[in-house]
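Listed below, chain by chain, are the residues.
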Amino acid sequence: MFSAPGAYDRAITVFSPDGRLFQVEYALETVKRGSTVLGIACGEGVVLAAEERPSSKLQDPSFTWKIFEIDTHAGAAISGLSSDARILIDRARLDAQSNRLMYDEPMDIEALSKRIGDIMQLYTQHAGVRPFGVTMIFGGVDKLGPQLLQADPSGACWKYKAVAIGIGSEAVKEILEKEYDADCHLEDAVTLAVKCLSKVAEGGIVAENVRIVTIPTKTKAFTRLSTDEIAGHISRTG
């Protein structure tokens, strides 16, 4: 049985008769309309990639952030409302640094993503608030090796080998399901990420509008690729 939203979408604390929280679904829809972002994990590390296209020619292109450094071993890529993401990124950084101070070791990626997922879940069950309109992909290397997890507006956390969110996610997922190889080299994972973005980029992919971060297993160091390095991978994808 399907019920129209009616009055059930006026408060986050009210379930519809068929068990749906419409405000959460609206938040998920916001993410679907956001920029295409993806993550790939392999034995040699993790890749986070995003298309950061300025909304205006007058906008500073260096200020359209979709990938953030959480700690030296961890990063996050976001799709949806950047303003909502900024609050969660700040909290994730605080939790990561608190973990280092308390335990003298980097925070596990799974623990980090679940901590943020817990906060997002709280905003689905209290009156007077709304869900966060953002989905976050957490990637990094901890004592268990390369890790890739996703937290969405419902607070749900999922672990992936490769994942995509945003407006072009369905097309990207098709490519990843066909071409993903868990045993590939990190460079091959970067090339695959570029190929995925090139398939969904409006008007063609441009190196200046692409941001790619790698976190190698050997160094566990959050590293941003330069525009020239990204251009080289674009040329290899044809």
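Residues numbered from 1 in each chain as written. Predicted model: local features only at pLDDT ≥ 70, side-chain atom pairs only at ≥ 80, totals over all residues. Heavy atoms only, no water.

> Explain the packing of aromatic side chains to me, please; I cannot follow it from the model alone.
Centre-to-centre distance and the angle between the planes together describe a pair of aromatic rings. Taken as a whole, this structure holds 2 aromatic pairs when the rule is applied. Each ring, one from Phe22 and one from Tyr26, has its centre 6.4 Å from the other, and the planes form 35°; the classification is tilted. Of this pair, Phe22 and Tyr26 are both found in helix α1 (residues 22–32), 4 residues apart, which corresponds to roughly one turn of the helix. For Tyr26, a relative accessible area of 35% translates into the label partly exposed. (Phe/Tyr/Trp six-rings, centres within 6.5 Å; stacked < 30°, edge-to-face > 60°. Helix = DSSP H or I, 4+ residues; strand = E, 2+ residues; numbered from the N terminus. Buried < 20%, exposed > 50% of the residue type's maximum accessible area, 1.4 Å probe, protein only.)

> Just checking my understanding: could you explain the side chain of Lys66 for this structure?
Mapping Lys66 onto the fold places it in the loop between β2 (45–51) and β3 (67–71). Once you skip the residues sitting within four places of it in the chain, Lys66 turns out to touch Ser35, Ala50, Glu51, Glu52, Ala76, Ala77, Ile78, Gly80 and Ser82. (Contact = heavy atoms within 4.5 Å.)

> Help me out: how do you make sense of the side chain of Asp95 in this one?
Along the chain, Asp95 turns up in helix α2 (residues 82–103). Beyond its immediate stretch of four places on either side in the chain, Asp95 contacts Met107 and Arg115.

> Is there a simple way to explain the sheet that holds strand β7 (residues 157–159) in this structure?
Sheets are built from strands that pair by backbone hydrogen bonding, the pairs being arranged parallel or antiparallel. Strands sit in the order β3-β4-β5-β6-β7 across an open sheet of 5 strands; the sheet is antiparallel. Edge strands, defined here as strands with exactly one partner in the open sheet, are β3 and β7. Within this sheet the neighbouring strands show an average axis-to-axis angle of 25°, counted without direction. Pairing between strand β6 (residues 145–151) and β7: 3 bridges, direction antiparallel. Counterpart to Leu149 in the pairing with β7 is Lys159. Seen against the sheet, α2 touches β3, β4 (74–80) and β5 (134–142) and runs at an angle of roughly 20° to β3. (Pairing = 2+ DSSP bridges. Axes fitted to C-alpha atoms, helices over the stretch in contact; angles between N-to-C directions.)

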